[in-house]
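The chain contents come next:
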Amino acid sequence: MIRILLAEDEDSMRTYLARALENAGYEVVAVDRGTHALPLLTEQHFDLLLSDIVMPEMDGIELAQRCAQVSPTTKVMFITGFAAVTMKASREAPQAKVLSKPFHLRDLVLEVERLFDGTMAHANL
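Residues numbered from 1 in each chain as written. Predicted model: local features only at pLDDT ≥ 70, side-chain atom pairs only at ≥ 80, totals over all residues. Heavy atoms only, no water.

Participant: Lay out the overall build of the chain in plain terms, naming residues and giving numbers.
Facilitator: A count of helical and extended segments in the chain gives 5 helices and 5 strands. Along its sequence from the N terminus, the chain presents helices and strands in the succession β-α-β-α-β-α-β-α-β-α. Counting every position in the chain, which comprises 125 residues, the buried fraction comes to 49%. The long-range share in the chain, meaning contacts at least 24 apart out of those at least 6 apart in sequence, stands at 62%. For the chain, the exposed area adds up to about 6300 Å²; of that, 51% sits on carbon and sulfur atoms. (Helix = DSSP H or I, 4+ residues; strand = E, 2+ residues; numbered from the N terminus. Buried < 20%, exposed > 50% of the residue type's maximum accessible area, 1.4 Å probe, protein only. Contact = heavy atoms within 4.5 Å. Areas by Shrake-Rupley, 256 points an atom, 1.4 Å probe, with all protein chains shown as cover.)

Structure follows, in structure tokens:
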């Protein structure tokens, strides 16, 4: 099963995204900040880091850069509602996919499936 580490500081969004990804057949571990995600990346295997960019303590871009060091096989996808932050992410973490808010849960699941070449059958959302 594909394992996703979700780092999102907004409680309702974190719950919403985790539930949608679990319903689509993914295993999800959700945390509320990058500083909580980083130790998990060193201790466990994750196929995908799905991270908000704007978070307290450690932003998603720094988290992705640290992820590349400690878990280089983990793919990265950002979620953000800020266009300027999207451009910064594209510059500083060019290998990462950026999904801009607002988006439909179906779009999120489809983007995750694309990252893994559609190896997962997704549930109807």
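Participant: A description of the packing of helix α1 (residues 11–23) against helix α5 (residues 105–115) should follow, citing residues and the corresponding values.
Facilitator: At a closest axis distance of 10 Å, the pairing of α1 and α5 adopts a crossing angle of 55°. If you check the angle between α1 and α5, you find them oblique. In this structure, the crossing between α1 and α5 has a hand that is right-handed. Residues Y16, L17, A20 and L21 of α1 form the contact with α5, whose participating residues are L105, L108, V109 and V112. For the contact of α1 with α5, the residue count by class is 8 nonpolar, no polar and no charged. (Axes fitted to C-alpha atoms, helices over the stretch in contact; angles between N-to-C directions. Parallel < 35°, antiparallel > 145°, perpendicular 65-115°, else oblique. Left-handed = near helix turned anticlockwise from the far one by under 90°. Nonpolar A, V, L, I, M, F, W, Y, C, P; charged D, E, K, R; others polar.)

Participant: Describe in detail unusual backbone geometry, supporting the description with residues and values.
Facilitator: The step from K101 to P102 runs through a cis peptide bond, and the omega angle for that step is -5°. Structurally, the position occupied by P102 is in the loop between β5 (97–100) and α5. Of note, E57 is a non-glycine position whose phi angle comes to about 70°, a positive value. Overall, E57 belongs to the exposed group, its relative accessible area being 59%.

Participant: Got a sec to walk through the nonpolar core? Specific residues and values, please.
Facilitator: Counting 22 residues, the largest nonpolar core has I4, L17, L21, Y26, L50, L108 and V112 as the members making the most contacts within it. Counting only elements with at least two residues in this core, the list comes to β1 (3–7), α1, β3 (48–52), β4 (75–80) and α5. With 5 residues, α1 is the largest single contributor of residues to this core. Sequence-distant contacts of L50, that is, excluding residues within four places in its chain, are made with I4, L5, L6, A7, L21, M77, I79 and L108. In terms of nonpolar packing, the next biggest core, distinct from the first, is built from 21 residues, C67, V76, A96 and V98 among them. (Core = buried A, V, L, I, M, F, W, Y, C linked by side-chain atoms within 4.5 Å.)

Participant: Could you give an account of the sheet that holds β1, naming the residues involved and the relevant values?
Facilitator: The strand order β2-β1-β3-β4-β5 describes an open sheet built from 5 strands, whose pairing is parallel. Both outer strands of the open sheet, β2 (27–31) and β5, are each paired with one neighbouring strand and no more. On average, each strand axis in the sheet is tilted by 20° relative to the strand beside it, whichever way the strands run. Taken together, the 5 bridges between β1 and β2 define a ladder with parallel strand orientation. By the bridge assignment, L6 is partnered in β2 with A30. (Pairing = 2+ DSSP bridges.)

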